Structure formats: structure tokens, C-alpha cells
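Tertiary structure, described
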Amino acid sequence: MTPKHEKQEFVTVLVRDPRTQKEDLWHSYIDYEIFIHTNSMCFTRKTSCVRRRFREFVWLRQRLQSNAALIQLPELPSKTPFFNMNNPQHVNHRRQGLQEFLEKILQDALLLSDSRLHLFLQTQLSTEDMEACVSGQTKYSVADAIHKFASLNRRFPIEDEERKKGKNDVDSDSESSSSGLRPSDDSISCGCKASPASEES
């Protein structure tokens, strides 16, 4: 009953397991697993794993900054033209920078109240779908999206949008879209499997 017996809130975030993904015939990119473990009441789910690429982090920082103009957000690792995705040191340096960025973001109560942050960390929605969800332009709420991703481990909002448009071949569309519409979704089902070899390389 006394305060010293109360559990202290914590949020653990790990950015790990960088993987090269094929965007198309000529282009590749690296995405990273984001693992969250927390007892914070701010989070819908207490444990989650998603995969995000660097430009999605850039999008997140821009949106958080626009919604919290008085807060000086931490910087992302610099995007350099000399970055080489085949260089393990370059990849690991970026991974560490992304983790430090999220660690600092998650210490700010105001930023923790932003729904985009939670969708970014606990669903595999695209940036466009996250914006639509936060703006109330979807049939599902932020909490719905997080719960559905956790329970089904699949891209239900895209499938819902396909149904809304009257398409009957949702399954085939969602399968084929995994290599085009949302490339990083390919690895959702294995998102929580750590890869120690690549994590620290």
C-alpha cells in the first residue's frame, strides 16, 4: 500500500536485427526490428515487435515535432551519402542511433501521448495508414489497430480498405502487395525472432 511497494513504470525499447529488404529489382533498403516491453499504462500492449525502415523514423520525428513544437526532439542518426548497407559498422552505427532516438522519445510524457508514436511502435501500418487512423478516416481506432496487429499479426487495415472498395480477391491482393505496397510487412510474422549475429554486426 505504501509508495515504495508500488511498481515503478518502465519502457524497454530495443532496435535490433537489421535486415536487407528488396524494394524492387534495382533498389534495396534495411529495416530494423523494434521490440517494446513495458508496464506503462500509456501503452495498449505491453510487449510488441514491428519492423521499420529509416525513412519511417524520419516521418515519425517530423510528425512528433509538428505536434510538440516547444519540445526539442532528439536527432536521428545523420543520413549520409556515404552510408553503405553492406558495411556492418555503418548499419550498426545507424541501429544504435535509432535506438537512442527512441529511448529519449519514450522518456517524454507529452510525446508518449501522441497516437502516431504508438501506431509506429506497435503496428505495421504504413505512414499513410497511420495518418488516416489518427485523423479518424478509418473504421478502426488506434487501439483497434494495435490489438488486431498483436492478435492476428497481419495487415488487417489494408484488407478492410480493400473490402470497402468492393474487391473480392482480398487475399490474393494482400499477398501480392507484401512485395510492393508494404515491403517491410514481409517479415512481420518472424519479427520477434532475434538474430544475434546480425544484431551486433
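Please read these numbers as outputs of a predicted model, since none were measured by experiment.

Parameters and conventions
Residues numbered from 1 in each chain as written. Predicted model: local features only at pLDDT ≥ 70, side-chain atom pairs only at ≥ 80, totals over all residues. Heavy atoms only, no water. Pairing = 2+ DSSP bridges. Helix = DSSP H or I, 4+ residues; strand = E, 2+ residues; numbered from the N terminus. Axes fitted to C-alpha atoms, helices over the stretch in contact; angles between N-to-C directions. Contact = heavy atoms within 4.5 Å. Parallel < 35°, antiparallel > 145°, perpendicular 65-115°, else oblique. Nonpolar A, V, L, I, M, F, W, Y, C, P; charged D, E, K, R; others polar. pLDDT = per-residue confidence, 0-100. Buried < 20%, exposed > 50% of the residue type's maximum accessible area, 1.4 Å probe, protein only. Polar contact = N/O pair within 3.5 Å; in protein donor to acceptor, adjacent residues only side chain to side chain. Phe/Tyr/Trp six-rings, centres within 6.5 Å; stacked < 30°, edge-to-face > 60°. Lys NZ or Arg CZ within 6 Å of the ring centre and 35° of its normal.

As a further point, take the sheet that holds strand β3 (residues 47–53). The strand order across the open sheet formed by three strands is β1-β2-β3, and the pairing between neighbours is antiparallel. In this open sheet, the two edge strands, each paired with only one partner strand, are β1 (11–22) and β3. When the angles between neighbouring strand axes are averaged without regard to direction, this sheet yields 20 degrees. With respect to the sheet, helix α1 (residues 54–67) is in contact with β2 (28–38) and β3, its orientation differing from that of β3 by roughly 105 degrees. Lying over the sheet, helix α4 (residues 115–122) contacts β2 and β3, oriented at roughly 90 degrees with respect to β3.

Where α1 meets helix α5 (residues 127–134), the closest approach of the two axes is 11 Å, and the angle between their N-to-C directions is 30 degrees. On the basis of their axis angle, the class for α1 and α5 is roughly parallel. Mapping the contact onto sequence places E56, W59 and R63 in α1 and T127, M130 and E131 in α5. Split into classes, the residues belonging to the contact of α1 with α5 amount to two nonpolar, one polar and three charged.

Before going further, it helps to examine the confidence of the model for the protein chain. With 72% of its residues at a pLDDT of 70 or more, the protein chain shows a mean pLDDT of 78. Ranking the elements of the protein chain by mean pLDDT puts helix α8 (residues 170–177) last, at 31, and α4 first, at 97. The model gives residues 154–164 a pLDDT under 50, and that stretch makes 30 contacts with residues more than four places away or in other chains.

With that settled, the discussion passes to α4. Extensive coverage of α4 is indicated by the burial of seven of its eight residues. Those residues of α4 not exposed but buried are R116, L117, H118, L119, F120, L121 and Q122. With a side-chain oxygen lying 2.8 Å from the backbone nitrogen of R116, the N-terminal cap of α4 falls on D114.

This brings us to the packing of aromatic side chains. For the structure shown, the criterion picks out one aromatic pair. Sitting above the plane of the Y29 ring, R53 keeps its charged end 3.7 Å from the centroid. Note that R94 overlies the ring of F54, its terminal NZ or CZ placed 4.1 Å from the centroid.

Of note, E33 is situated in strand β2. According to the relative accessible area criterion, E33 is buried, its value standing at 0%. A polar contact is formed between the side chain of E33 and the side chain of R16, at a distance of 2.3 Å.

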